[in-house]
Amino acid sequence: MSDQRTLILGGARSGKSIAAERRLASEPEVLYVATGGDDSGDAEWAERVAKHQARRPATWGLAETIDLVPLLDVPGPPLLIDCLTLWLSRTMDALDIWSDLSRAGLVEERIAELADAWSRTPRLVVAVSNDIGSGVVPADPGTRLFRDLMGRLNTTISLASDQVLWTIAGRTLPLT
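Each value, and the rule that gives it
- Residues numbered from 1 in each chain as written.
- Predicted model: local features only at pLDDT ≥ 70, side-chain atom pairs only at ≥ 80, totals over all residues.
- Heavy atoms only, no water.
- Pairing = 2+ DSSP bridges.
- Helix = DSSP H or I, 4+ residues; strand = E, 2+ residues; numbered from the N terminus.
- Axes fitted to C-alpha atoms, helices over the stretch in contact; angles between N-to-C directions.
- Contact = heavy atoms within 4.5 Å.
- Core = buried A, V, L, I, M, F, W, Y, C linked by side-chain atoms within 4.5 Å.
- Buried < 20%, exposed > 50% of the residue type's maximum accessible area, 1.4 Å probe, protein only.
- Salt bridge = Lys/Arg side-chain N within 4 Å of Asp/Glu carboxyl O.

A. The pairing of strand β7 (residues 171–175), seen in detail. Pairing between strand β6 (residues 163–168) and β7: five bridges, direction antiparallel. For Val 164, the partnering residue across the bridge sits in β7 and is Leu 175. Counting the residues in the hairpin turn of β6 and β7 gives two residues, including Ala 169, whose phi is positive at 50°.

In structure tokens:
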């Protein structure tokens, strides 16, 4: 399949998730991989999650995890990974990068492992990710590191993808 691995990039609230859901709408079974975690007590977050859930077909499964490599490594239904930005943030949390920015190499290792699994996956897979590098230079070192790692992650996954799409204001355009 020529578009087995698709990355959908865009800014916040650009329509990336809806575009990803539409790409897989004709599939009878999809595993939706939510990387956002549980922000218990955050009403705004709960509302966002509820909107995403309401849009998905009842036949779609759900996995809430940042452990993407095992999912990519085994055959199964198509995956919709939403999103790589939250995967990066939670991976940085899990590796305690925020308290010691010099440990960023650990995240780069995880990015390489993810890209390898992405490249070899037997599944149809669509991932959503934010392009956050087009704005101002962040004021603090931790946020600059996150922005830089996000750029590396997007570039690495993009180069291992069969198709990359850009979503802006609800419109999705192919990147060649």
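B. Highlighting the sheet that holds strand β3 (residues 61–64). Across the sheet, seven strands lie side by side as β3-β2-β4-β5-β1-β6-β7; this open sheet has mixed pairing. Both outer strands of the open sheet, β3 and β7, are each paired with one neighbouring strand and no more. Averaged over all pairs of adjacent strands, the angle between their axes in this sheet comes to 20°, without regard to strand direction. Across the sheet, helix α4 (residues 84–94) is in contact with β1 (5–10), β4 (79–82) and β5 (125–130); its angle to β5 comes to roughly 70°.

C. Examining the nonpolar core more closely. The biggest cluster of nonpolar side chains holds 33 residues, and the ones touching the most others in it are Leu 72, Ile 81, Leu 84, Leu 88 and Leu 153. Only β1, β2 (31–34), α3 (68–73), β4, α4, α5 (104–120), β5 and α6 (141–159) provide two or more residues apiece to this core. Top element by residues in this core is α5. It accounts for seven residues. Residues Val 30, Ala 34, Trp 60 and Val 128 belong to the second largest nonpolar core, which totals 14 residues.

D. The arrangement of unusual backbone geometry in detail. Of the consecutive residues Asp 82 and Cys 83, the connecting peptide bond is found in the cis state with omega at 10°. When you line up the elements, Cys 83 lands in the loop between β4 and α4. Even without glycine at this site, Arg 13 takes up a positive phi of about 60°. Of note, Arg 13 is situated in the loop between β1 and α1 (16–23). Owing to a relative accessible area of 60%, Arg 13 belongs among the exposed residues under this scheme.

E. Seen up close, the pattern of salt bridges. Under the counting rule described, the total for this entry stands at five salt bridges. Residue Asp 3 is joined to Arg 23 by a salt bridge in which the shortest nitrogen-to-oxygen separation is 2.9 Å. Of this pair, Asp 3 sits in the segment before β1 while Arg 23 sits in helix α1, and the two are 20 residues apart along the sequence. Ionic pairing is found between Arg 152 and Glu 108, a salt bridge with its closest N-O pair at 2.8 Å. Of this pair, Arg 152 sits in helix α6 while Glu 108 sits in helix α5, placing them 44 residues apart in sequence. Assessed through its relative accessible area of 38%, Arg 152 is described here as partly exposed.

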